[in-house]
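# Breakdown of the fold
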Amino acid sequence: MNYGELRLRIRPFLMLLAIPAIMCACHSASENINDVEEQITTLISKMTLKEKIAMIHANSSFTSAGVERLGIPELVTSDGPHGVRPEHGRDWVLDSAANDAGTYLPTGNLLAATWNPEIGYAFGAVLGSEAKERGKDVILGPGINVMRSPLCGRNFEYLSEDPFLISRMAIGYIRGVQDQDVSACVKHYAANNEEVDRNAVDVLMSERALREIYLPGFKAAVTEADVNTVMGSYNKFRGQYATHNDYLVNKILKGEWKFRGVLMSDWGAVHNTIEAVKNGTDLEMGTDLSMLPKPDYNKFFMADSLLGLVSKGVVPETLIDEKVRRILRIMFKTKMLGKNKREAGSRNTPEHQATALKIAEEGIVLLKNEGEVLPLKRAAIKTVAVIGENANRENAMGGGSSQVRAKYEITPLQGIKKLLGGGVSVSYSRGYKIVKNQQADATLISEAVAAAKKADVAILVVGWTHGYDYAVWDDNAYDAEGVDKPNLDMPFGQNELIKAVLAANPNTVVVLSGGGPIDVRQWVNKAPAILEMWYAGMEGGNALAKILFGEVNPSGKLPMTFPQKLEDSPAHKFGDFPGVNNVARYKDDIYVGYRYFDTYKVTPQFAFGHGLSYTSFKYSDVKTRKEKDSVVVHLKIKNTGKVNGAEVVQLYVKQEKSAEKRPEKELKAFKKVYLATGESRDIELRLGKDAFQYFSEKNHRWLAEPGMFDLLIGSSSRDIRQRTSISYLEN
Ligand code: NOJ
């Protein structure tokens, strides 16, 4: 094997992007806060009530009004989250003639699989820059809802099942966007963990689950990344719609976390004028689709009826002023107003495309590699059989509101052909058809088998899909807004195809794509090599080819557990997904993802944090030191293999004995480390006091029970390489 060819190219990439000393959130030349607040007060004092009300509800599919005579522009929003959405005109008509093709980044699940917050920043910076170039002020991302069930149709947009990983990645993303003077919008607040019935479902969960699992990402977005906007979700929470939920919005978001930005509704998520106005909704967005083709935005809950209520003195005008203030505040912050001018953005630059490639290279996960089938040995290969409809399919326009018109999209087939050049013969067989209710197709399978038999290697690209028709928002699909998967079974007869191809040519690599876990039990033991490529963006095919042929050493890690079967997932084990009669009781409580699998000793198919490399790493010399409330952990990590590579060092904390229930272990720190062959590095991981705490329902606050804690350090949640324990007593 020619290991010399293998290179991880992280350093040149970082230089290319000139990522600022990451996460410094450099809000350059921002105006003095007091001056800004005074200017806002002056502006509000000059506005009529009608003008104020016009600012707090949509006036087109993605905008809300400004006040022209006072120089206040419209606020222009756009999806989000992995590219800037195509233009939909003012009234929801996709504008096919618009100049709106842009960079299609990998989806959120792949981003999280990089376990690299700096990559999160680079992702956000591309998005912010392209949004700005397109005249957008707010990008509707990141989507950070917890992957409670593998069935959720929007998991592909989301990040993880783990609140700590979600937080770190979201912070990077938000700072990346906002350093471009564009507002990020963290969504959907909160407990929007399923799509079926999302408009009606009432989510009931314990306070502990809320605080420990479902809120930390939002809290980090507000308190650490200073996110400018938050989107309230469609569902109800404890009986009241989330977007105007007194507890979620007034008490927690604006009270406890002191959020000073804008809480906008999801599109059409407001249901009641008084509740919305009193419970903290600042901006009502959406279009009542029944009003199309000419929606009447004055009929919104926060439009004419609100005007009437304020005029009659039922609602105090100060409440409206407060909402307008928040909108003006983010306008100043993003230089839409004030003395500083926004710099121009850019679109479709080689740097943006290089970033899309780099993210994909870092987020594709090597799940299995027995007998070192991978990387493929190019010099020894003359024929390659690429099989599967997912190999030849573009994904950018699928999935719902996150659709992107990609400047281009390299499919797996194109990427493989391009990398191999003319010297190798690459055949393509469709293998299965992405058609609703499609069963195994004997003719397509026998064509694929014939191609696989003739080839030195077969590469199957299979898995989920955004929809049956490219470019159509398909609400019968698997990874799409508004739907949840019916189960984890491979659709379209793919199991039959995979088994037949594996029997025809044992030198077969299975590449999964899509929103996450899929049931692989029928063939997993027979497949020597498996990769998860998610939806890898416009450069996905190139990234995949580089990993297959060893030009890039895989370094992605799973941001969610792959269960063996659906019933093993806690939300399903406890039987309340998607809920009964529009009520979802989260009986799985704090045992989401690996917290459940580890505590209840259920063996997953692939564990949270799992991801293989073409090299090997040795962990040693763990030492700990206390610093006030924190614990600093040092360890040595060495690349002991023959190629350069990156490892994600994961630190899990486990309380040995506790009066309160605690999960078996919880992720509390991680670091991605790039090491040349033979290189070793000392790394430091910090555990703040929150790493030891749980949310006490009795005391309604975070606290740590004193005692012994195990620190488990490893390459995945189930591959712990070093452990130590400390006694911890909160000051
Ligand atoms: C509804 C989706 O839930 C949300 O994520 C999106 O940003 C809005 N529609 C706008 O398209």
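Here the structure is a predicted model, which is why all the values come from computation and not from measurement.

A count of helices and strands for the protein gives 19 helices and 25 strands. Expressed along its principal axes, the backbone C-alpha trace of the protein runs to roughly 80 × 65 × 50 Å. Out of the 731 residues belonging to the protein, those deemed buried represent 65%. Surface summary for the protein: the accessible area is close to 25,500 Å², and the carbon and sulfur share equals 50%.

Next up on the list: the pattern of salt bridges. Side chains that carry opposite charge are capable of pairing whenever their charged atoms lie near each other. The full count for this structure, using the stated rule, is 60 salt bridges. The salt bridge involving arginine 393 is made with glutamate 389; its shortest N-O contact spans 3.5 Å. Taking the relative accessible area as the measure of exposure, glutamate 389 reaches 12% and is therefore buried.

What follows concerns helix H8 (residues 216-223). In terms of burial, H8 is largely enclosed, as six of its eight residues are buried. The complete set of buried residues in H8 reads Pro216, Gly217, Phe218, Ala220, Ala221 and Val222. Residues of H8 that are buried sit in contact with helix H6 (163-178), strand S4 (183-189), helix H7 (207-214), strand S6 (229-232) and helix H9 (246-256).

Summed over all chains, the structure comprises zero disulfides. Free of any disulfide, cysteine 152 has its nearest cysteine sulfur in cysteine 185, 17 Å distant. Under the relative-accessibility criterion, cysteine 185 is labelled buried at 0%.

It is worth spelling out unusual backbone geometry at this point. Trans peptide bonds make up most of the peptide bonds, and negative phi angles are found at most residues other than glycine. Omega for the peptide link from aspartate 79 to glycine 80 comes to 0°, which places this bond in the cis form. Relative to the assigned elements, glycine 80 resides in the loop between strand S2 (75-78) and helix H4 (108-113). In this model, leucine 374 is joined to proline 375 through a cis peptide bond whose omega is -5°. Mapped onto the elements of the fold, proline 375 is located in the loop between strand S10 (365-369) and strand S11 (383-387). With a phi angle near 65°, tryptophan 92 is a residue other than glycine that sits in the positive phi range. On the secondary structure map, tryptophan 92 appears in the loop between S2 and H4.

Time to look at the sheet that holds strand S24 (residues 707-716). Pairing in this open sheet of four strands is antiparallel, and the strands run S20-S19-S24-S25 from one edge to the other. Here the strands that pair on one side only, and so sit at the sheet edges, are strand S20 (666-675) and strand S25 (719-728). Taking the axes of each pair of neighbouring strands and ignoring which way they run, one obtains an average angle of 20° across the sheet. Pairing between strand S19 (residues 645-655) and S24: six bridges, direction antiparallel. What sits directly across from glutamine 655, in S24, is phenylalanine 709.

Of all residues adjacent to the ligand, which total 14 residues, the nearest are Asp79, Arg154, Lys187, His188 and Asp266. The contact in question runs from an oxygen atom of the ligand to an N or O atom on the side chain of arginine 85, over 3.2 Å. At a separation of 3.5 Å, an oxygen atom of the ligand approaches a polar side-chain atom of glutamate 481. Out of a free accessible area of 290 Å², the ligand has 97% covered by protein chains. Of the residues assigned to the shell around the ligand, the class counts are five nonpolar, two polar and seven charged.

Moving on: the sheet that holds S11. With respect to topology, six strands assemble into an open sheet ordered S10-S15-S14-S13-S11-S12, the strand pairing being mixed. Of all strands in the sheet, those with a lone pairing partner are S10 and strand S12 (425-429), marking the two edges. Adjacent strand axes in the sheet meet at a mean angle of 20° when their direction is disregarded. For S10 and strand S15 (residues 529-532), the ladder comprises four bridges, and the chain directions are antiparallel. If you follow leucine 366 over to S15, its bridge partner there is leucine 531. Along the sheet, helix H14 (residues 412-420) makes contact with S11, S12 and strand S13 (457-463), crossing S12 at roughly 170°. Docked against the sheet, helix H15 (residues 442-454) engages S11, S12 and S13, running at close to 155° with respect to S11.

For the rest of this paragraph, the subject is the pairing of S20. Regular strands show a simple pattern: their side chains alternate between the two faces of the sheet. S20 sits mainly inside the fold: nine of its ten residues count as buried. As paired strands, S19 and S20 are joined by nine bridges and run antiparallel to one another. Counterpart to valine 653 in the pairing with S20 is glutamate 666.

Here glutamate 161 is to be found in the loop between strand S3 (138-139) and H6. Buried charged residue glutamate 161 carries no salt bridge. Nearest counter-charge: arginine 595, at 6.6 Å. Each residue touching glutamate 161, except ones within four places of it in the same chain, is listed here: Val146, Met147, Pro559, Met560, Thr561, Val592, Gly593, Tyr594 and Phe608.

Take the nonpolar core next. Of all hydrophobic cores here, the largest spans 159 residues; its most connected members are Tyr189, Leu376, Val509, Leu512, Trp523, Leu531 and Leu548. Per element, the largest residue contribution to this core is eight residues, and it comes from H6. In this structure leucine 531 touches Ile364, Val365, Leu366, Leu367, Leu374, Val509, Val510, Val511, Leu512, Leu544, Ile547 and Leu548, once residues within four positions along its chain are discounted. Counting 46 residues, the second-largest nonpolar core is a separate cluster that includes Met47, Leu75, Leu140 and Met336.

Moving on, we get to the environment of proline 412. Positionally, proline 412 belongs in helix H14. The sequence separation of proline 412 and glycine 541 amounts to 129 residues, and the corresponding C-alpha distance is 3.8 Å. Beyond its immediate chain neighbours, meaning those up to four positions away, proline 412 contacts Asn390, Ala391, Val461, Met533, Gly541 and Leu544.

For the structure shown, the criterion picks out 29 aromatic pairs. For the pair phenylalanine 695 and tryptophan 702, a centre-to-centre distance of 5.6 Å together with 80° between the ring planes defines the contact as edge-to-face. In this structure tryptophan 702 comes out as partly exposed when scored by relative accessible area, which is 27%. These aromatic residues form a ring-pair network of at least three members: Trp115, Phe164, Tyr594, Phe608, Tyr652 and Phe670. Sitting above the plane of the tyrosine 586 ring, arginine 148 keeps its charged end 3.7 Å from the centroid. The ring of tyrosine 652 has lysine 665 lying over it, and the distance from NZ or CZ to the ring centre is 5.9 Å.

So, how was this worked out
Residues numbered from 1 in each chain as written. Predicted model: local features only at pLDDT ≥ 70, side-chain atom pairs only at ≥ 80, totals over all residues. Heavy atoms only, no water. Helix = DSSP H or I, 4+ residues; strand = E, 2+ residues; numbered from the N terminus. Buried < 20%, exposed > 50% of the residue type's maximum accessible area, 1.4 Å probe, protein only. Areas by Shrake-Rupley, 256 points an atom, 1.4 Å probe, with all protein chains shown as cover. Salt bridge = Lys/Arg side-chain N within 4 Å of Asp/Glu carboxyl O. Contact = heavy atoms within 4.5 Å. Disulfide = S-S within 2.5 Å. Pairing = 2+ DSSP bridges. Axes fitted to C-alpha atoms, helices over the stretch in contact; angles between N-to-C directions. Near = heavy atom within 4 Å. Polar contact = N/O pair within 3.5 Å; in protein donor to acceptor, adjacent residues only side chain to side chain. Nonpolar A, V, L, I, M, F, W, Y, C, P; charged D, E, K, R; others polar. Lys, Arg positive; Asp, Glu negative; His and termini not counted. Core = buried A, V, L, I, M, F, W, Y, C linked by side-chain atoms within 4.5 Å. Phe/Tyr/Trp six-rings, centres within 6.5 Å; stacked < 30°, edge-to-face > 60°. Lys NZ or Arg CZ within 6 Å of the ring centre and 35° of its normal.

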